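Remarks on the overall topology
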Amino acid sequence: MIRISAYQNQKFNYPIYIISNKQDLVSCVEENIGDFSTTVIFVDSFIKGLDSTNQILKIFSDVLNSLNRRILVCHLEPGKQSKNLNTIEFLANWLLKNNVQRDSLFISIGGGVIGDLIGFLSSIYFRGVSLAHIPTNLISMTDSAIGGKTAVNTSGHVNTLGTYKHPNFTLIYLDFLSSLPQRDFVAGFAEIIKISIIKNQGLFELIQNLSRKNFSNQIELKELESILATSIKYKLDFTDGDIQENNKRLFLNIGHTFGHAIESIQDLNTEEYYRHGEAVSLGLISCISLSDKIFKTHNLTLIKELLSTFNLPTRIPEEYIVKLGLSREVLLDKLVETAMNDKKGKGKKLTIILLNDFYNPVLFKTDEKSIIKEAFKEIL
Ligand SMILES: NC(=O)c1ccc[n+]([C@@H]2O[C@H](COP(=O)([O-])OP(=O)(O)OC[C@H]3O[C@@H](n4cnc5c(N)ncnc54)[C@H](O)[C@@H]3O)[C@@H](O)[C@H]2O)c1
């Protein structure tokens, strides 16, 4: 078991556990179960039949029953169609009907959607109850469950309403990854690659070593543990002291202005073509190609090759452009327009993150559409 102490010097510090066996799971639950009148566990309905989910629910239920405490379990549909205020209101009514009081613990078991939803709910239900996360896919283990951001979408807009809410603890059970489809595993890996190029050599080298092997979610446990723990520590470093994203946390958005534009083009209500991590991969290519031009560096080939070995996209295929019913030129203009409106652009200028060189991200402000267009051309 690996135990990471998140935000050690802050009032809201808490442990993050990376666990790979059942015995450690039991000790971790016993240690962190707390003294709550009710523990409400919200489970992604898609994974409710998994062995890992059943093991965790049984452990919580055994421990709570032995202490004579109440446990409630609620199943929730994953996916963006659930991440809205209708679900929040439905859940608030369900909690009230079950007489769930303020001295309760809410636990999310699922991917980024369930984590964001339950994080948000826990921060507003009776003005705040305690929270714990059990992220079950790679994107939630490395990204969404770390850093305290919660959110729901509103019609046509992503993450419009949200709060900052830190959990009492986060429990990562690696067994969950064995049921993850390869595509989702790889998409989650894009965020790890992203963080590896902005911090220092260590993680990037671990990833390069992996890329030389036959990569899959069956990679060696020890190797995976080490990559996950390093990536989580890096994210904690970037967010410590800057939870509200005014300064160094912004560096984590490298590739995201471009990636978000790609995601925004896909309708919120239809099936997604690109996973978040895949859009980040394309965003990284745009960003590094622009960085190379501005800082006269030569990093694009290396990063493109690395992303390709993980089967992450490095170019938007013709098939998708046809599916969108747009010409290449119109899509390019739409992407530029969307990126220029990115919420992180303060005032008139857009702030993007570029790579001055490896492990050296910088803020770059621009109001020139032609620069952004140049960056997108690399993937179109
Ligand atoms: N709060 C943050 O800092 C932050 C950061 C990044 C992303 N996000 C949010 O996260 C969301 C995307 O997360 P997501 O991709 O996890 O979405 P998701 O929660 O909908 O999960 C994607 C799919 O993975 C499935 N899944 C989860 N665990 C599994 C497992 N062990 N085995 C098999 N399938 C499993 C889910 O059932 C779902 O079908 C977006 O809403 C995004 O805004 C938040």
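The rules we used
For every chain, the first residue of its written sequence is number 1, and the numbers climb from 1 along that sequence. Residue-level local features of this predicted model are given only where pLDDT is at least 70; pairs of side-chain atoms are given and counted only at 80 or more, and the full residue set underlies all totals for whole chains, interfaces and linings. In computing side-chain values, all of the structure's heavy atoms are included and hydrogens and water are not. Note on definitions. A residue lies near a molecule or strand when any single heavy atom of the residue is within 4 Å of it. For the purposes of these results, a polar contact is taken to be a pair of N or O atoms within 3.5 Å, where, inside protein, one atom must be able to donate a hydrogen and its partner to accept one; residues adjacent in sequence count only when each atom of the pair is a side-chain atom. Exposure was quantified through the Shrake-Rupley algorithm and a 1.4 Å probe, taking into account, for residues, occlusion by the shown protein chains and nothing else. Whether a set of points on the 1 Å grid over the protein atoms alone is a cavity depends on a 1.4 Å probe fitting there but being unable to get out, while an open set qualifies as a pocket with protein on both sides within 12 Å along at least five of seven lines; lining residues are those with an atom within 4 Å of a point. Grid points are joined across faces, edges and corners, and a volume is the space filled by probe spheres set on the points. Numbering goes from the N terminus for both helices and strands, where a helix is a DSSP run of H or I of at least four residues and a strand is a run of E of at least two. Only Asp, Glu, Lys and Arg are considered charged, only Ala, Val, Leu, Ile, Met, Phe, Trp, Tyr, Cys and Pro nonpolar, and every remaining residue, Gly among them, polar.

1. Description of the site of the ligand
Not every one of the 20 residues close to the ligand is listed here, only the nearest: Asp44, Lys83, Gly112, Thr136 and Asn137. Here serine 144 contributes a backbone N or O atom positioned 3.5 Å from a nitrogen atom of the ligand. A distance of 2.9 Å separates a nitrogen atom of the ligand from a polar atom in the side chain of serine 179. Coverage of the ligand by the protein chains reaches 82% of its 860 Å² of free accessible surface.

2. With respect to empty space enclosed by the protein
For the structure on display, the rule yields 2 cavities of 30 Å³ or more. In this structure, the largest cavity encloses a volume near 60 Å³. If you trace the largest cavity, you find 13 residues lining it, with Gly115, His133, Ser144, Ala145 and Lys149 closest to the centre. Where the lining of the largest cavity is concerned, the elements lending two or more residues are α4 (112-124) and β7 (149-154). A total of 3 residues in the lining of the largest cavity trace back to one element, the largest contributor, which is α4. Here the lining of the largest cavity is composed, by residue class, of 3 nonpolar, 7 polar and 3 charged. Size it by volume and the second largest cavity reaches roughly 40 Å³. For the second largest cavity, the full set of lining residues is Thr142, Asp143, Glu191, Lys194, Ile195, Ser231 and Lys235. Residue assignment for the lining of the second largest cavity shows that the elements contributing at least two residues are α5 (138-144), α6 (182-196) and α8 (221-239).

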